[in-house]
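# Structural characterization, general
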Amino acid sequence: MALRMWASSTANALKISCASKSLLSLSRCFATVLDGLKYAESHEWVKHEGSVATIGITDHAQDHLGEVVFVELPESGGSVSKGKGFGAVESVKATSDVNSPISGEIVEVNSKLSEAPGLINSSPYEEGWMIKVKPRSPSELESLMGSKEYTKFCEEEDASH
């Protein structure tokens, strides 16, 4: 993990682009962006399957946060609103709010994260998911970015820093 963070920071400082295209995912300087997901400008991802949308933070976000040591999540049964905070991620570097990219009812919370918050670092798109939501307005997904748009967004954001 430390080597990955050093390599990513060094590549960003030297303005080296690591973008490459593959069938399964797009990779940008060691951060993975998966096809088939939707992405918010605040670096959350959404995977919509049937009547449920799974939400977490992106590989890009966890890479910038560093080692995650604590995760604060809401309770199942509550609701989230697009663009509003629903939890927080505390890392060795900072504490960051996590915003919901869509509105809806929380139907499940990843309880594994209370005991193993590092799952956000090691598996941000699989075991590190945060909440599952029944979307109130599935059309909100259309306003989110696809993988190519999100990769470009991250490259531009990193270049401006």
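Residues numbered from 1 in each chain as written. Predicted model: local features only at pLDDT ≥ 70, side-chain atom pairs only at ≥ 80, totals over all residues. Heavy atoms only, no water.

### Overview of the overall build of the chain
In terms of helices and strands, the chain carries five helices and twelve strands. Sequence separation of 24 or more characterises 62% of the internal contacts of the chain that already satisfy a separation of 6 or more. A total of about 8500 Å² of accessible surface is found on the chain, and carbon and sulfur atoms cover 53% of it. (Helix = DSSP H or I, 4+ residues; strand = E, 2+ residues; numbered from the N terminus. Contact = heavy atoms within 4.5 Å. Areas by Shrake-Rupley, 256 points an atom, 1.4 Å probe, with all protein chains shown as cover.)

### Digging into the UniProt feature "modified residue: N6-lipoyllysine" (unreviewed entry) in the chain
Sites flagged by UniProt as "modified residue: N6-lipoyllysine" (unreviewed entry) map to Lys 93. Along the chain, Lys 93 turns up in the loop between strand E9 (85-91) and strand E10 (95-99). Accessibility expressed as a relative area gives 52% for Lys 93, which makes it exposed. (UniProt positions renumbered as here; feature names shortened; annotations may be inferred. Buried < 20%, exposed > 50% of the residue type's maximum accessible area, 1.4 Å probe, protein only.)

### Examining helix H5 (residues 147-159)
Spanning 13 residues, H5 covers 18 Å between terminal C-alpha atoms, matching the ideal 18 Å at 1.5 Å per step. Buried residues of H5: Ser 147, Tyr 150, Thr 151, Phe 153, Cys 154 and Asp 158, and no others. For H5, the arc enclosing every buried residue in end-on projection is 160 degrees, short of the 170-degree limit, so these residues lie on one face. Those residues of H5 that are exposed and angled more than 90 degrees off the buried face are Lys 148, Lys 152 and Ala 159. (Expected span 1.5 Å × (residues − 1). Arc of directions from axis to C-beta.)

### Observations concerning the sheet that holds strand E11 (residues 104-109)
With antiparallel pairing, the six strands of this open sheet are ordered in space as E4-E5-E6-E12-E11-E8. Of all strands in the sheet, those bounded by a partner on one side alone are strand E4 (38-39) and strand E8 (79-80). By the bridge criterion, six bridges tie strand E5 (residues 44-49) to strand E6 (residues 52-57) in an arrangement that is antiparallel. Paired with Glu 49 across the strands is Val 52, a residue of E6. (Pairing = 2+ DSSP bridges.)

### Structural notes on a nonpolar patch on the surface
There is a patch of nonpolar side chains on the surface, built from Val 69, Phe 70 and Val 92 and spanning about 270 Å² of accessible area. Topologically, Val 69 is positioned in strand E7 (residues 68-72). What makes Val 69 partly exposed here is its relative accessible area of 38%. (Patch = residues over 30% accessible without salt bridge, like charges linked within 9 Å, V, L, I, M, F, W, Y side chains within 5 Å. Salt bridge = Lys/Arg side-chain N within 4 Å of Asp/Glu carboxyl O.)

### Side note on the packing of aromatic side chains
Scanning the model with the defined rule gives three aromatic pairs in all. With 4.6 Å between their ring centres and 10 degrees between their planes, Tyr 39 and Tyr 150 make a pair best called stacked. Of this pair, Tyr 39 sits in strand E4 while Tyr 150 sits in helix H5, placing them 111 residues apart in sequence. Here Tyr 150 falls in the buried class, since its relative accessible area comes to 0%. (Phe/Tyr/Trp six-rings, centres within 6.5 Å; stacked < 30°, edge-to-face > 60°.)

### Observations concerning the pairing of E6
Of all six residues in E6, five are buried, a share of seventy percent or more. With antiparallel pairing between neighbouring strands as the criterion, E5 and E6 make up a hairpin whose turn holds two residues, including Gly 50 at a positive phi of roughly 65 degrees. Examined bridge by bridge, E6 and strand E12 (residues 131-135) share three bridges and lie antiparallel to one another. When the sheet's bridge partners are listed, Ile 55 is paired in E12 with Ile 131.

### A short note on the sheet that holds E7
Across the sheet, which stays open at both edges, the three strands sit in the order E7-E9-E10 with antiparallel pairing between neighbours. Each edge of the sheet is formed by a strand with only one pairing partner; in this case those strands are E7 and E10. Strand-to-strand twist in this sheet, taken as the mean axis angle between neighbours without regard to direction, amounts to 25 degrees. Two strands pair when backbone bridges link them, and E9 and E10 are joined in this way by five bridges, in the antiparallel orientation. Each bridged residue has a counterpart across the sheet, and for Val 89 the counterpart in E10 is Ser 96. (Axes fitted to C-alpha atoms, helices over the stretch in contact; angles between N-to-C directions.)

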